[in-house]
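Remarks on the overall topology
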Amino acid sequence: QVQLVESGGGTVQAGDSLRLSCAASGRTLRYSAVGWFRLAAGKEREFVAAISWSGGGTRYKDSVEGRFTISRDNLKNTVYLQMNSLKSEDTAIYYCAARDNWSALSSSDYEYRYWGQGTQVTVSS
């Protein structure tokens, strides 16, 4: 069993940056693909970014490509989401999620077994 805790959210102005962290406990994330998803008011949860367990593969939602960067530090058992040039439409609760060991990265939320509690990101224009 793995527990995920997100942090780093907050309220910023459009154009600002934030770095979200997803810290794992209970077992290593080293062999797990990890994804970031977000839930905005009145909308369905959507995929944002994912990174393979090896760190060699990444995938992004089109609207965040070039602005967001997902990375991982296996020594710290943590995955990050660097968010630059934030826009008001990025406002949402951001969740990290992990797949079972050795699974490929995915943009489908139903393929992720472990979820954090979320962190709020609010971007004011």
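A brief report on the enclosed structure follows.

The rules behind each value
- Residues numbered from 1 in each chain as written.
- Predicted model: local features only at pLDDT ≥ 70, side-chain atom pairs only at ≥ 80, totals over all residues.
- Heavy atoms only, no water.
- Helix = DSSP H or I, 4+ residues; strand = E, 2+ residues; numbered from the N terminus.
- Buried < 20%, exposed > 50% of the residue type's maximum accessible area, 1.4 Å probe, protein only.
- Pairing = 2+ DSSP bridges.
- Axes fitted to C-alpha atoms, helices over the stretch in contact; angles between N-to-C directions.
- Polar contact = N/O pair within 3.5 Å; in protein donor to acceptor, adjacent residues only side chain to side chain.
- Contact = heavy atoms within 4.5 Å.

1. As for the environment of serine 108
Summarising the element assignment, serine 108 is placed in the loop between β9 (92–98) and β10 (114–115). Since its relative accessible area comes to 21%, serine 108 is described here as partly exposed. Between the alpha carbons of serine 108 and alanine 50 there is a distance of 10.0 Å; along the sequence they are 58 residues apart.

2. Remarks on the sheet that holds strand β7 (residues 68–73)
As a general point, the strands of a sheet are linked pairwise by backbone hydrogen bonds and lie either parallel or antiparallel. Taken together, the 4 strands give an open sheet; going across it, the order is β1-β3-β8-β7, and neighbouring strands pair in antiparallel fashion. The open sheet has two edge strands with one neighbour each: β1 (3–7) and β7. Going across the sheet, the axis of each strand differs from the next one's by a mean of 15°, ignoring polarity. The pairing of β1 with strand β3 (residues 18–25) spans 5 bridges and is classified as antiparallel. Across the sheet, residue leucine 4 finds its bridge partner in β3, namely alanine 24.

3. As for the side chain of aspartate 90
Take aspartate 90: it is sitting in the loop between β8 (78–83) and β9. Separated by 2.8 Å, the side chains of aspartate 90 and arginine 67 make a polar contact. A polar atom in the side chain of aspartate 90 sits 2.8 Å from the backbone nitrogen of lysine 87. Not counting residues up to four positions away in its chain, the partners in contact with aspartate 90 are Arg38, Val64, Arg67, Phe68, Ser85, Val121 and Val123.

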